[in-house]
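# Observations on the three-dimensional arrangement
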Amino acid sequence: MKYTLLSKAEMDQREYFEKGGMINVYECTTCHRTVMYLYIDSGVTPSHLTCGFCHGEAVSRFGMLSQPSRFWYRPKDLEELKKMVNDAYEANKEEYEKAGKDESEASIKEVILDNYIEHYNQGGLFARSR
Ligand SMILES: [Zn+2]
């Protein structure tokens, strides 16, 4: 009997195969924990797995995630943190004004900046979309 193995080039060409470099997440329908998989190679994977935590059924979210959509990062300096405070303030102005009661915009921003710096100095990363 002659053995032939499908080559990597053939694997990469199959349109219905998941592509190497993609990311997929399986979510358990019982305990709702998620596990993220990175495809090192192109190929075929199951749509359902047994949950490694509770042995429930984990379902692939394939198709929803082909690349990360949120990023954890460390702002480069104080200026960037201040800009982030301004952006956060503008995006949530009403909530900040309600929480800050009669405080001025400047003192509300100062409180936010203090919190950001504390987070930063504890090693905290910040999330962004790009
Ligand atoms: Zn589970």
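In this text, all values refer to a predicted model and were calculated from it rather than measured experimentally. (Residues numbered from 1 in each chain as written. Predicted model: local features only at pLDDT ≥ 70, side-chain atom pairs only at ≥ 80, totals over all residues.)

The next thing to look at is the overall build of the chain. Within the chain, the secondary structure is distributed over 4 helices and 6 strands. In terms of overall dimensions, the chain is more spread out than a globule: its C-alpha atoms have a radius of gyration of 23 Å, far above the 14 Å expected for 130 residues. Over its C-alpha atoms, taken along the principal directions, the chain stretches across nearly 80 × 35 × 25 Å. The 130 residues of the chain split such that 5% are buried. Within the chain, contacts between residues at least 6 apart in sequence are counted, and of these 56% link residues at least 24 apart. (Helix = DSSP H or I, 4+ residues; strand = E, 2+ residues; numbered from the N terminus. Rg over C-alpha atoms; globule rule 2.2 N^0.38 Å. Buried ≥ 20, exposed ≤ 12 C-beta atoms within 10 Å, placed from the backbone. Contact = placed C-beta atoms within 7 Å.)

With that settled, consider the sheet that holds strand S1 (residues 23–28). Spatially, S2-S1-S4-S3 is the arrangement adopted by the 4 strands of the open sheet, whose pairing is antiparallel. Across the chains shown, the open sheet's two edge strands, defined by having one partner strand only, are strand S2 (34–38) and strand S3 (48–50). Taken pair by pair, the neighbouring strands of this sheet meet at an average axis angle of 30 degrees, ignoring direction. Relative to strand S4 (residues 57–60), S3 runs antiparallel, the two sharing 3 bridges. Among the inter-strand pairings, Thr-50 is bridged to a residue of S4, identified as Glu-57. (Pairing = 2+ DSSP bridges. Axes fitted to C-alpha atoms, helices over the stretch in contact; angles between N-to-C directions.)

Note: S1 against S2, 5 bridges, orientation antiparallel. Each bridged residue has a counterpart across the sheet, and for Tyr-26 the counterpart in S2 is Val-35. Here S1 folds back onto S2 in antiparallel fashion, the turn holding 5 residues, of which His-32 has a positive phi close to 65 degrees. Where S1 and S4 come together, 3 bridges link them in antiparallel fashion. Residue pairing across strands places Tyr-26 opposite Ser-60, the latter belonging to S4.

Position of Ser-129 relative to the elements: it lies in the segment after strand S6 (126–128). In this structure the C-alpha to C-alpha distance between Ser-129 and Phe-71, which are 58 residues apart in sequence, comes to 6.1 Å.

Here we take up the environment of Lys-19. Within the fold, Lys-19 resides in the loop between helix H1 (8–13) and S1. Each C-alpha atom, one on Lys-19 and one on Val-44, is 9.0 Å from the other, the two residues being 25 residues apart in sequence. The contact partners of Lys-19, leaving out residues within four places of it in the chain, are Tyr-39 and Ser-42.

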